[in-house]
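# Coordinate analysis (summary)
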Amino acid sequence: MTFHAFTRWALALVLLGASALAPAQEQSAPVKSLQAAARLLAHAPEGVAPGKTLWLGLEIEHAPHWHTYWKNPGDSGLPTTLNWTLPGGLTAGDIQWPAPHKLPLGPMVNYGFEGKLLLPVAVSLPDPLPAGPLKIDLQAQWLVCKDVCIPEEGQFSITLPTGKPLTAHAAAFAQSRAAQPATVPGLSAKAQVAEQDGRQALVMQVPGLPADWRGQRVSYFAGEAGVIEHAAPAGQRWEGETLWLSVPLSPVRSESPAALSAVLRQGERAVALPVALAQGWTPGPAPAVTFDTPATAAAAKAQPEADGASAAAAGAGFGLALGLAFVGGLLLNLMPCVFPVLSLKAFSLVQDDAPHRRGGAIAYTLGVVISFGAMAGLLLALRAGGEQIGWGFQLQTPWVVAAMAALFTLIALNLFGVFEVALALPGHVAGWRAERPWLDQAATGVLSVAIASPCTAPFMGAALGAALALPAWQALSVFASLGLGMAAPYALIAFVPALARLLPRPGAWMARVRTLLAFPMLATVLWLVWVLGQQTGIDGAVALLVLLLGMAYAVWAWTQGGWGWRVSAAVVLGAAGVWAAPSLHQPEGATVSAPSPQASGWQAWSPEAQAQTLAAGQPVFVDFTAAWCISCQYNKRNALADAAVLADFAQRGVVLMRADWTLRDATITAELRRLGRSGVPVYALYKPGATEPVLLPEILSADGVRSSLAATLNP
């Protein structure tokens, strides 16, 4: 062997020995915030080998008094989610959750974890393994809460060599296994729905619990969300070796699953409890057993009254939401966003005689109510599917904004007399429409909702926030009440002769007013072009203007008659559409430009910035806004730009933040939901040390803002 050959062999052996002695990568780089630190851990005591099990786990170390949530978070919160990217053939199981603890928050109870938490997942390794080291990526999301809730996420990555045992975190995985609910062979509960103390409860018989549990208080944790009332104490009684439980069902139950699961905790010990439901969710006769309540006999006697009050409060909440929605709908007619459409409706009231006015009012009301219901149904369906959206969600999509701008341009051209709808339609369609004049009124109702829905009137925000927490039929009822409130003034004018007599008489002046009404439509188009520019940039705004110009030419050319003009209309409109389409979308990763702190005194909102500011002892005022919300823009240019208001903010050391919801933003949506709101504007004043912010009205006045500052922040 030559010297050079010997050198190469020696170097190879040294490198091989060094790689054999190198420690395996058993944890990822941490992701840290002021609230929590997270990292990905790996554990494989038998080695990363074919047919074996690899354990992976997200470790979260919470800051003092902060917590994250269990798979059923309880009355509020969100569970931690793990999304894996694994080499071919590897299969990840579900999170093996430790038993949770109850986390009281005012009248609510949540289920979650504090301190150090490990969420382990078993990964099945195939035979054979993929060649080379195994690269594993994890995208995790968790909601961490104390006085405020902050959505956080992290990207984690580790590369594992094959064949090596991984034991550096054996103690952490062993501790996590010990914290999981134990599986007791044969343990299950027989349950039925029955009336207990004037309310429905899940009554269950649990034989077979460990002997040293007998006679002890037991905590019940429902595995499924939306079934029980988490804050209501479970009645219980031991009869020999059998535990009887009475768990109150939620008065606004959103789920009725076919199978139930639960965790029972006694002190630091916990067991998993499958629950078999007899007779489905049909209430049956109450079992012949009485239940003790958690504390003293006096507390036990007081409990039914408290439960009855809770149920009454839930019913009152639905009734109050209906009333607030109706009043909010009335006031929605006064919001700047609906002025253009209101002018059209007022014009139609003057034109029609009494019978047509009444029929038109009914059609308009139906158009408004059905449109609100359809939009609410879509909103509820999307939210149920996991979309983080709220009221006004449609205008967070650029192509919807562009379509509305095109619609209002067509309305303006119609009012200017460039074309008549009846002449633009085929003869048989125009005749069919002429026989059904109520269609135009219904269409006006649909148009009113389309333009009004992004706005939030006084009382409306609280009503819609409550509606989205109710069962679907109650939520839709609240939105229908909103529509009835919006349509009510026109119905009154149509059906009350004394009010109808106040309308001006038809005359030649109407032709001039019709032309005048085109200008509010064009003002709406300008607003929508500005909104699209906020979403897509200047290129998107210019593209929309080109499209509108092409559409205006196409409409005019079509009215000239002859195939030459109509071919030119199609060509110009098609060319404008092809040129504009690439710019009428939200760029990947686009955000709305934050206000310049130096120029305006405002900074971009984030949960982290808010938490840091409050922790430093400074109050925070957050303006939840959007470019498509005209009420937001009105407040921004008036009360929030008032010199005396800004001076008060500065004098009291209030940090000003704007949460811009022009584009979809799951973090802002989550904070709005936490505040009990589903749309903007929302104005929240956070005081250090306070558990909840003070919410100001949707329409601000300078005096009102200053009064709220004085009442909240004065020592």
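The model shown is predicted, which means the values in this text are computed figures rather than measured ones.

Glancing now at the sheet that holds strand β6 (residues 91-95). Read from one edge to the other, the open sheet built from five strands follows the order β1-β2-β3-β9-β6, with strand pairing classed as antiparallel. Each of the sheet's edge strands pairs with one partner strand only, and the pair in question is β1 (31-32) and β6. Pairing between β6 and strand β9 (residues 116-124): three bridges, direction antiparallel. Across the sheet, residue I95 finds its bridge partner in β9, namely V121. Where helix α2 (residues 170-179) meets the sheet, its contacts fall on β2 (36-43), β3 (53-62) and β9, and the angle it forms with β9 comes to roughly 95°.

Moving on, we get to the side chain of T365. As for its position among the elements, T365 is in helix α5 (residues 354-384). In this view, T365 contacts L484 and A487; residues no more than four positions away in its chain are not counted.

Let's shift gears to the packing of helix α20 (residues 643-651) against helix α22 (residues 702-713). At a minimum axis distance of 9 Å, the contact between α20 and α22 shows a crossing angle of 15°. Looking at the two axes, α20 sits roughly parallel to α22. The two elements α20 and α22 cross, and the hand of that crossing is left-handed. Contacts between α20 and α22 involve A644, V645, D648 and F649 from the former and A702, V705, R706 and L709 from the latter.

In space, the seven strands of this open sheet follow the order β14-β17-β18-β12-β13-β16-β15, with mixed pairing throughout. The strands lining the two open edges of the sheet, one partner per strand, are β14 (219-222) and β15 (235-239). The mean angle between the axes of side-by-side strands here comes to 30°, regardless of whether they run parallel or antiparallel. In this sheet, strand β16 (residues 242-248) lies alongside strand β13 (residues 199-207) in antiparallel orientation, the contact comprising seven bridges. Its bridge partner lying in β16, L202 is registered against V247.

We now examine the packing of helix α6 (residues 398-415) against helix α14 (residues 518-536). Two numbers describe how α6 lies on α14: the axes approach to 9 Å, and their chain directions differ by 160°. With respect to each other, α6 and α14 are oriented roughly antiparallel. Crossing geometry of α6 relative to α14 is assigned as left-handed. Contact residues: P398, V401, A402, M404, A405, F408, T409, I411, A412 and L415 in α6; A518, M521, L522, T524, V525, L528, V531, L532, Q535 and T536 in α14. Looking at the contact of α6 with α14, its residues break down into 16 nonpolar, four polar and no charged.

It is worth spelling out the pattern of salt bridges at this point. Taken as a whole and judged by the stated rule, the model has eight salt bridges. The closest approach of N and O atoms between R269 and D212, which form a salt bridge, is 2.4 Å. Note that R269 is positioned in strand β18 (residues 269-277) and D212 in the loop between β13 and β14, a separation of 57 residues in sequence. Among the residues examined, R269 registers a relative accessible area of 35% and is labelled partly exposed. D623 is the salt-bridge partner of R658, the closest N and O atoms lying 2.8 Å from each other. With R658 in strand β21 (residues 655-660) and D623 in strand β20 (residues 620-625), this residue pair connects regions lying 35 residues apart in the sequence. Across the pair, exposure class does not vary: R658 and D623 are buried alike.

Cut-offs applied
By convention here, each chain's residues receive numbers from 1 onward along its written sequence. The predicted origin of the model limits local features to residues at a pLDDT of at least 70 and limits the giving and counting of side-chain atom pairs to 80 or more, whereas totals for whole chains, interfaces and linings rest on all residues. The side-chain figures draw on all heavy atoms in the structure; neither hydrogens nor water molecules are used. Strand pairing is assigned whenever DSSP detects at least two bridges linking the two strands. A run of H or I in DSSP counts as a helix once it spans at least four residues, and a run of E counts as a strand once it spans at least two, with each numbered from the N terminus. In what follows, residue pairs with any heavy atoms lying within 4.5 Å of each other are defined as contacts. Working convention: axes come from line fits to C-alpha atoms, limited for helices to the stretch in contact. Angles between N-to-C directions cover 0 to 180 degrees. Angles are sorted into four bins: roughly parallel if under 35 degrees, roughly antiparallel if over 145, roughly perpendicular if 65 to 115, and oblique for all others. By convention the crossing between two helices is left-handed if the near helix lies anticlockwise of the far one by an angle smaller than a right angle, and right-handed if it lies clockwise. As a working rule, the residues Ala, Val, Leu, Ile, Met, Phe, Trp, Tyr, Cys and Pro are called nonpolar, Asp, Glu, Lys and Arg charged, and the rest polar, with Gly in that last group. We define a salt bridge as a contact between a side-chain nitrogen of Lys or Arg and a carboxyl oxygen of Asp or Glu at a distance within 4 Å. Exposed residues in this analysis have more than 50% of their type's maximum accessible area, buried residues have under 20%, and partly exposed residues fall in between, with area computed by a 1.4 Å probe over protein chains only.

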